[in-house]
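Summary of the model geometry
Here are the chains, one letter per residue:
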Amino acid sequence: MYGSINRVIPSREEDRLIWTGDVSGLFSVKGVLNLAESKVYAIPTWSIPTRVRKIAPAKVIQFFWQLIKNRIATRANLMVRRVQIENAGRCVFCGLEPETTSHLMPFCPMSWKLLNLVMSREGITWCCPNGIPNLMLEWMDLRHKSDNLLWEMTPFSIFWSIWLERNQVIFNNHPASPESIWDLHISRISAWVHGWWKECPYSSYDFSHHFDAIRLKPQTPNLRSSVWNAPDRGFFKANVDGSSMGNPGPTEVIAILEVLQFCKEHGIRNLVIESDSTLVVSWVNNSSNRPWKLRNELNLIDNLCEELAVVAVDHIFREANPIADHLSKSGVERLVPLNVFFGFTSP
Ligand SMILES: [Zn+2]
């Protein structure tokens, strides 16, 4: 709903009633039924954009994931864990309310001011959904001027900057101001972009003064990468594949489920999973589009992803997934079970 309100652009035509549930604008009973079904059965989901994950540091991605899940160590969350907090766990910025996740981001006057600065730079008046998860579902609809990718990165940079500044206030008694957080968020985005795009022609001055005029490089053609990349520091990566000599969907789902169960058993968290099946990756990432026969397995995957802090389930081209591909293919023809021995060594 917030997205619909924010998208309204005043028209020069005379006002008239239209039925927005259909592209024709005309009301029909069938249209109502379709609309109702899509609202009832579709559960909106949001996941961290792949492009942002490649540009922002891993610790920021990890923080954002925890923010979405209300797992950051706010004072209210610490008090739930029976940690003694002075001043009844009130917000260190405003002192007005308990520091819950939703107060700190986005409803604390400090964060609220910063978000309004973002929106006024974008040239829009807006209404804010109730909390970051819903805000992220609407986020891309709020973009009016900025470069698409810069806009995608903005919440990561702004909420991370607010969090670090909040820590400075608590641990170093550092006075905080919206202006200083604003400057930090701009210089962060600038640093992330320069780290990712070495030939970036925009200076940090451009980022702070002409943010909405910056256009990042056009998408490079989607070259099929045949290279497997190691996960960022602090993360684990699991490459899975399923082979069934026919319909691979169910075996790919089971492969993901089994890797999650393996990780649970061995206490492995902060995980990235890669599969070469675009279909299965879409089922895992989007709960509204799942085959009912695999509902149970996919529900189990949802629960384990949450429990094990799975940061992403990504698609990878088969050429970059050779070991999993080979093991799964040879597994179909294997007559005796494959025994694998492994161990973790501490550094
Ligand atoms: Zn506050």
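Within each chain, residues carry numbers counting from 1 in the order of the written sequence. In keeping with the model being predicted, local features are shown solely for residues with a pLDDT of at least 70 and side-chain atom pairs are shown and tallied solely at 80 or more, while totals for entire chains, interfaces and linings include all residues. The basis for every side-chain value is the complete set of heavy atoms in the structure, and neither hydrogens nor water enter the calculation.

1. Quick word on the coordination of the zinc ion
Rules: Each metal's donors are the N, O and S atoms found within 2.8 Å of it, except that Na, K and Ca use a 3.2 Å limit; water is left out, so coordination can look incomplete. All geometry calls rest on donor angles, where a four-donor set with angles between 85 and 135 degrees is tetrahedral, four- and six-donor sets with opposite donors more than 155 degrees apart and all others between 65 and 115 are square planar and octahedral, and all else is irregular. Per the convention used, a helix needs a DSSP run of H or I reaching at least four residues, while a strand needs a run of E reaching at least two, with both numbered from the N terminus.
Binding of the zinc ion to the protein goes through Cys 91 (SG), Cys 94 (SG), His 103 (NE2) and Cys 108 (SG), at separations of 2.1 to 2.3 Å. Taken together, the four donor atoms surrounding the zinc ion define angles of 100 to 123° at the centre, an arrangement classified as tetrahedral. Sequence spacing of the donor residues for the zinc ion, all on one chain, is C-x2-C-x8-H-x4-C. Of this pair, Cys 94 sits in the loop between helix H5 (75-80) and helix H6 (101-107) while Cys 108 sits in the loop between H6 and helix H7 (109-122), and the two are 14 residues apart along the sequence.

2. Structural notes on the pattern of salt bridges
Pairing of side chains with opposite charge becomes possible as their charged atoms draw close. We apply this condition: Criterion for a salt bridge: a side-chain nitrogen of Lys or Arg within 4 Å of a carboxyl oxygen of Asp or Glu. Three exposure classes are used, based on accessible area relative to the maximum for each residue type with a 1.4 Å probe and protein chains only: buried under 20%, partly exposed in between, and exposed over 50%.
Applying the stated criterion across every chain, the model contains nine salt bridges. Between Glu 99 and Arg 166 there is a salt bridge, with the nearest N and O atoms lying 2.8 Å from each other. With Glu 99 in the loop between H5 and H6 and Arg 166 in helix H9 (residues 148-172), this residue pair connects regions lying 67 residues apart in the sequence. Accessibility assignment for this pair places Glu 99 and Arg 166 in one class, buried. The structure contains a network of salt bridges with shared partners spanning Lys 69, Arg 71 and Glu 306.

3. Details of the packing of aromatic side chains
We count it as follows: Aromatic rings from Phe, Tyr and Trp, with only the six-membered ring used for Trp, were paired whenever their centres fell within 6.5 Å, and each pair was classed as stacked if the ring planes differed by under 30 degrees, edge-to-face if by over 60, and tilted otherwise. In this scheme, the term charge over a ring applies when either NZ of a lysine or CZ of an arginine sits within 6 Å of the ring centre and within 35 degrees of the ring normal.
Taken as a whole and judged by the stated rule, the model has 11 aromatic pairs. Here the aromatic residues Trp 46, Phe 64, Phe 156 and Phe 159 are joined through ring pairs into a cluster of three or more. Stacked on the ring of Phe 211, the Lys or Arg Arg 121 has its end atom at 3.7 Å from the ring centre.

4. Points about the packing of H7 against helix H10 (residues 178-196)
Going by this rule: Lines fitted to the C-alpha atoms define the axes, with helices restricted to the stretch that makes contact. Angles between their N-to-C directions range from 0 to 180 degrees. Between 65 and 115 degrees an angle is taken as roughly perpendicular, under 35 as roughly parallel, over 145 as roughly antiparallel, and anywhere else as oblique. Note on convention: near helix rotated counterclockwise from far helix by under a right angle means a left-handed crossing. Clockwise means right-handed. Whether two residues are in contact is decided by their heavy atoms, any of which lying within 4.5 Å being enough. Gly counts as polar in this scheme, as do all residues outside two lists: the nonpolar Ala, Val, Leu, Ile, Met, Phe, Trp, Tyr, Cys and Pro, and the charged Asp, Glu, Lys and Arg.
Where H7 meets H10, the closest approach of the two axes is 10 Å, and the angle between their N-to-C directions is 55°. Considered as vectors, H7 and H10 are oriented oblique to each other. Here the hand of the crossing between H7 and H10 comes out right-handed. Of the residues in H10, those in contact with Met 110, Lys 113, Leu 114, Leu 117, Val 118 and Arg 121 of H7 are Pro 178, Glu 179, Ile 181, Trp 182, His 185 and Ile 186. Within the contact of H7 with H10, the residues separate by chemical class into eight nonpolar, one polar and three charged.

5. Notes on the packing of H9 against H10
The geometry of H9 relative to H10 is characterised by a closest axis approach of 8 Å and an angle of 130° between their N-to-C directions. In terms of orientation, H9 lies oblique with respect to H10. For the pair H9 and H10, the crossing hand works out as right-handed. For the pair H9 and H10, the contacting residues are Leu 149, Leu 150, Met 153, Thr 154, Phe 156, Ser 157, Ile 158, Trp 160, Ser 161, Ile 162, Leu 164 and Glu 165 in the first and Ser 180, Ile 181, Trp 182, Leu 184, His 185, Arg 188, Ile 189, Trp 192, Val 193 and Trp 196 in the second. Class assignment of the residues belonging to the contact of H9 with H10 gives a composition of 15 nonpolar, five polar and two charged.

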